[in-house]
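# Overview (structure and organization)
Spelled out, the chains give:
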Amino acid sequence: MSDDTNTPAHPDLGAAAAELTRLLDGVRDDQLAGPTPCPAYPVRDLLAHVLGLSRAFQDAARKETGPSTGTAPGTVAPPELPDDWRSALPKHLAAMAEAWRDPAAWEGETQIGGLRLPAAVTGRVGLDELVVHGWDVAVSTGQAYRPAPADLEVSYAFLAPSKDDPAARGTAFGPAVEVPDGAPMLDRVIGVSGRDPGWAG
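The notes below deal with the structure included here. Note that this is a predicted model, so its numbers are computed, not measured. (Residues numbered from 1 in each chain as written. Predicted model: local features only at pLDDT ≥ 70, side-chain atom pairs only at ≥ 80, totals over all residues. Heavy atoms only, no water.)

### A short note on the overall build of the protein
Of regular secondary structure, the protein possesses eight helices and two strands. Listing each helix as α and each strand as β along the protein from the N terminus yields α-α-α-α-β-β-α-α-α-α. Relative to its length of 201 residues, the protein is compact, with a C-alpha radius of gyration of 16 Å against a globular reference of 17 Å. Across its three principal axes, the protein shows a C-alpha extent of roughly 50 × 40 × 35 Å. Burial analysis of the protein (201 residues in total) assigns 42% to the buried set. Here the protein has roughly 10,300 Å² of accessible surface; of this, 55% comes from carbon and sulfur atoms. Averaging the coordinates of the 16 positive side-chain charges in the protein and doing the same for the 28 negative ones gives two points 3 Å apart. (Helix = DSSP H or I, 4+ residues; strand = E, 2+ residues; numbered from the N terminus. Rg over C-alpha atoms; globule rule 2.2 N^0.38 Å. Buried < 20%, exposed > 50% of the residue type's maximum accessible area, 1.4 Å probe, protein only. Areas by Shrake-Rupley, 256 points an atom, 1.4 Å probe, with all protein chains shown as cover. Lys, Arg positive; Asp, Glu negative; His and termini not counted. Charge placed at Lys NZ, Arg CZ, Asp CG, Glu CD.)

Structure below.
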């Protein structure tokens, strides 16, 4: 019988938040208008989206419902990226990770994107948002991306069951992109999220 006493019951969002924060230092001002794997979002809108979701997932962890958690994805344009984003975004990413370290955040139900979901599912959605958008930022700004292997495993386990089910994917994810057998786990996560792992602008 294996000893699982050292295995956390829920993923920690800290590594994904820290890696995304690291990437922010490499975003140049002249890249803010550049393209990203999210066709409707230039880099500045992607960063504004990440800022918004980091606030929303803080509220979701605390079971605080309101505009941040009640708005469905894609129904409103991203807010304008604030001038202080270089200081504000790291603070909110760290606060998002910290909010989900409270065991109570994973209990019961909460709201995100206008939907009521089990809190344990919502936390994994939040981790996946950090992992996938971290890749978006990295490839959009020519940076190396180094997500934690454990985070990739969680994201893949979250995304893979809906790979061939458009109804389950809803509007949050495009059709899965096939990747070769034996592809790195990062490519598998990005492909099943509906992005082309070979995206190059």
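So much for the structure itself; the text now carries on.
### Looking at the nonpolar core
Residues L13, L47, W85, L89, L93, W100 and L130 are the most contacted members of the largest nonpolar core, which totals 48 residues. Those elements that place two or more of their residues in this core are α1 (14–24), α2 (43–61), α4 (85–99), α5 (119–140), α6 (149–159) and α8 (185–192). Looking at this core element by element, the count peaks at 11 residues for α2. Every residue in contact with L13, bar those within four places of it in the chain, is listed here: M96, A97, W100, W106, G123, G126, L127 and L130. (Core = buried A, V, L, I, M, F, W, Y, C linked by side-chain atoms within 4.5 Å. Contact = heavy atoms within 4.5 Å.)

### Concerning the environment of T21
For T21, the location among the structural elements is in helix α1. Among the residues examined, T21 registers a relative accessible area of 22% and is labelled partly exposed. Counting along the chain gives 167 residues from T21 to R188, while the straight-line C-alpha distance between them is 23 Å.

### A few points about the environment of L117
Topologically, L117 is positioned in strand β2 (residues 115–118). Along the primary structure L117 and A60 are separated by 57 residues, whereas in three dimensions their C-alpha atoms are 10.0 Å apart. Not counting chain neighbours up to four residues away, the residues in contact with L117 comprise G108, E109, T110, I112 and T122.

### As for α2
Note that an α-helix has 3.6 residues per turn; residues three or four places apart therefore point the same way. With 19 residues, α2 extends 27 Å from end C-alpha to end C-alpha; this agrees with the ideal 27 Å at 1.5 Å per step. Where burial is concerned, most of α2 is hidden: 14 out of the 19 residues are buried. Within two residues after α2, K63 carries a phi angle of roughly 60°, on the positive side. (Expected span 1.5 Å × (residues − 1).)

### Looking at the pairing of β2
When strand β1 (residues 109–112) meets β2, the two strands line up antiparallel, connected through four bridges. Looking across to β2, one finds that I112 is bridged to L115. Counting the residues that bridge the hairpin from β1 to β2 gives two residues, and of these G113 lies at a positive phi of roughly 60°. (Pairing = 2+ DSSP bridges.)

### Here's the deal with unusual backbone geometry
Of note in the backbone geometry, K63 takes a positive phi value of approximately 60° without being a glycine. Looking at where K63 falls in the secondary structure, it is placed in the loop between α2 and α3 (67–70).

### Structural notes on the packing of aromatic side chains
Working definition: an aromatic ring pair is given by the centre-to-centre distance plus the angle between the planes. Counted by the stated rule, this structure contains one aromatic pair. Judged by centre distance (5.0 Å) and plane angle (70°), the rings of W100 and W106 are edge-to-face. Judged on exposure class, the residue W100 and its partner W106 are both buried. A cation over a ring is seen here: R188 above Y156, with NZ or CZ 4.6 Å from the ring centre. (Phe/Tyr/Trp six-rings, centres within 6.5 Å; stacked < 30°, edge-to-face > 60°. Lys NZ or Arg CZ within 6 Å of the ring centre and 35° of its normal.)

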